[in-house]
Amino acid sequence: MDAVEGESKYYSTQGMPKKEEGSSVGIKVLFFARARDLTGLSDVRLEVPFGSTASDCLKELAVRFPGLEEIRQCIVLALNEEYASESTVIKENDELAIIPPISGG
Amino acid sequence: MADEDRDLIEILEEHNPVDMAKYINYVSAPQAGAIATFSGTTRDTFEGKTVLELRCEAYVPMAVRCIKSACQSARSSWNLMSIAAAHRLGPVPVGETSVFIAVSSVHRDDALDACKFLIDEIKASVPIWKKEVYTNGEVWKENKEFLERKSELEKGGRDEYRCCRKQLESKPNGHGCCGAKVKIDDGCNGDTREAE
């Protein structure tokens, strides 16, 4: 993603080894409720450049699934089963969940 | 027994009705003078439209974590014996229960207040979704409690922010998440209350 290209050092937040520029991380993305209806999928693998944030993943998803734009403003994200900020840097094998407005209860 | 061992949290797979008696029995205890329960059931109409059923789905492992977190927050605010919370998945026909909460405590105030806190918390932050199916269409519902909490959830789950925000400060007039009640000092609680 454009925000990270050109930088030379990336450190993950949890002590993973430094990776070289140009490497990528693979994550699993989960779609629930309206997000699943819009993408037609309950989950998908996503490869993004090392150092990408959750926000970068969302941008990539919006390219692959333009329908997601409809709910872009009302979703929140969860990373590995915890609510996460869009600025969180993702790591290999993270599980990123797209959480549309919840309606349990 | 650790507090969390006295909490029962169940996300029920499709076609498993909520067995209210089971959860009430779970929280029953000789020391408990009060059991408060909340049952959320499918209404037959919404804004004039005839509702056939609800369909519920969840991000199950995260939903369990979030409910556990809410139970811990409730325990930090009230003197509770035991908590049971269940949410059904799949179709929930009109009149049937989609969510059930049972809380026991020595005196009734704790159980009643914690029970309300827990359902509000589930509405605001637990990743469960409900689609309302009408005779002429369907719609994913959106809880207003979630929309009110959204900016907090967007800050993420690091340290002070979790599924249920921890009580770092009290919000006297706050509603929703853990701001609903000022922390009780265990040492001076109970003596002045009437017994149930």
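About the thresholds
Residues numbered from 1 in each chain as written. Chains lettered and ligands numbered in written order. Predicted model: local features only at pLDDT ≥ 70, side-chain atom pairs only at ≥ 80, totals over all residues. Heavy atoms only, no water. Helix = DSSP H or I, 4+ residues; strand = E, 2+ residues; numbered from the N terminus. Buried < 20%, exposed > 50% of the residue type's maximum accessible area, 1.4 Å probe, protein only. Contact = heavy atoms within 4.5 Å. Areas by Shrake-Rupley, 256 points an atom, 1.4 Å probe, with all protein chains shown as cover. Pairing = 2+ DSSP bridges. Axes fitted to C-alpha atoms, helices over the stretch in contact; angles between N-to-C directions. Buried area = accessible area lost by both parts, 1.4 Å probe. Salt bridge = Lys/Arg side-chain N within 4 Å of Asp/Glu carboxyl O. Nonpolar A, V, L, I, M, F, W, Y, C, P; charged D, E, K, R; others polar. pLDDT = per-residue confidence, 0-100. Parallel < 35°, antiparallel > 145°, perpendicular 65-115°, else oblique. Left-handed = near helix turned anticlockwise from the far one by under 90°. Disulfide = S-S within 2.5 Å.

Right, let's get into the overall build of chain A. Along its length, chain A carries two helices and five strands. Put simply, chain A runs from its N terminus to its C terminus through helices and strands in the order β-α-β-α-β-β-β. Per-residue burial over chain A gives 52% buried out of 105 residues. When contacts within chain A are restricted to residue pairs at least 6 apart in sequence, long-range pairs at least 24 apart make up 55% of them. On chain A, roughly 4800 Å² of surface is accessible, and the fraction owed to carbon and sulfur atoms is 49%.

The helix and strand tally for chain B stands at four helices and nine strands. Along chain B, from the amino end to the carboxyl end, the secondary structure elements read β-α-β-β-β-α-β-β-β-α-β-β-α. Here chain B holds 196 residues, and the buried ones make up 51% of them. Of the contacts formed within chain B by residues at least 6 apart in sequence, a portion of 72% connects residues at least 24 apart. Accessible surface, chain B as shown: approximately 9600 Å² in total, 49% of it carbon and sulfur.

Another point: the sheet that holds strand S3 (residues 76-79) of chain A. All names here are of chain A. Strand order in the open sheet formed by five strands is S2-S1-S5-S3-S4, and the pairing between neighbours is mixed. The sheet is open, and its two edges are formed by strand S2 (43-49) and strand S4 (82-84), each paired on a single side. Sheet twist, expressed as the mean angle between neighbouring strand axes with direction ignored, is 35°. Bridging between strand S1 (residues 24-31) and S2 involves seven bridges; their strand directions are antiparallel. Among the inter-strand pairings, Val25 is bridged to a residue of S2, identified as Val48.

Before going further, it helps to spend a moment on the interface of chain A and chain B. Chain A puts 28 residues into the contact, and the matching count from chain B is 36 residues. Together, the buried faces of chain A and chain B total about 2600 Å²; carbon and sulfur atoms form 56% of this surface. Along the contact surface separating chain A from chain B lie four salt bridges. With a closest N to O distance of 3.8 Å, Lys131 of chain B and Asp37 of chain A form a salt bridge. Here the side of chain A that touches chain B takes four residues from helix H1 (residues 33-39) of chain A, the largest share from any one element. Split into classes, the residues belonging to the side of chain A that touches chain B amount to 14 nonpolar, seven polar and seven charged.

The subject of this paragraph is the confidence of the model for chain A. On average, residues of chain A carry a pLDDT of 86, and 79% of them reach 70 or more. Within the model, the stretch residues 1-15 of chain A combines pLDDT values under 50 with 21 contacts to residues more than four positions away or in other chains.

Take the packing of helix H3 (residues 108-125) of chain B against helix H4 (residues 144-153) of chain B next. Residues and elements named next belong to chain B. Running from N to C, H3 and H4 cross one another at 65°; their axes reach a closest spacing of 7 Å. The angle between H3 and H4 places the two elements in the roughly perpendicular class. Relative to H4, H3 is oriented so that their crossing is right-handed. Each of Asp120, Glu121, Lys123, Ala124 and Ser125 in H3 lies in contact with H4, whose residues at this interface are Glu145, Phe146, Arg149 and Leu153. Of the residues belonging to the contact of H3 with H4, the class tally is three nonpolar, one polar and five charged.

All names here are of chain B. Note on placement: Ser77 falls in helix H2 (residues 60-77). A relative accessible area of 3% places Ser77 in the buried class. Sequence spacing of Ser77 and Glu53 is 24 residues, and the spatial spacing of their C-alpha atoms is 36 Å.

Residue and element names in this part refer to chain B. Counted under the stated rule, the structure contains zero disulfides over all chains. Cys56 takes part in no disulfide bond, and the closest cysteine sulfur, belonging to Cys66, lies 16 Å away. Residue classification places Cys56 among the buried residues on the basis of a relative accessible area of 6%.

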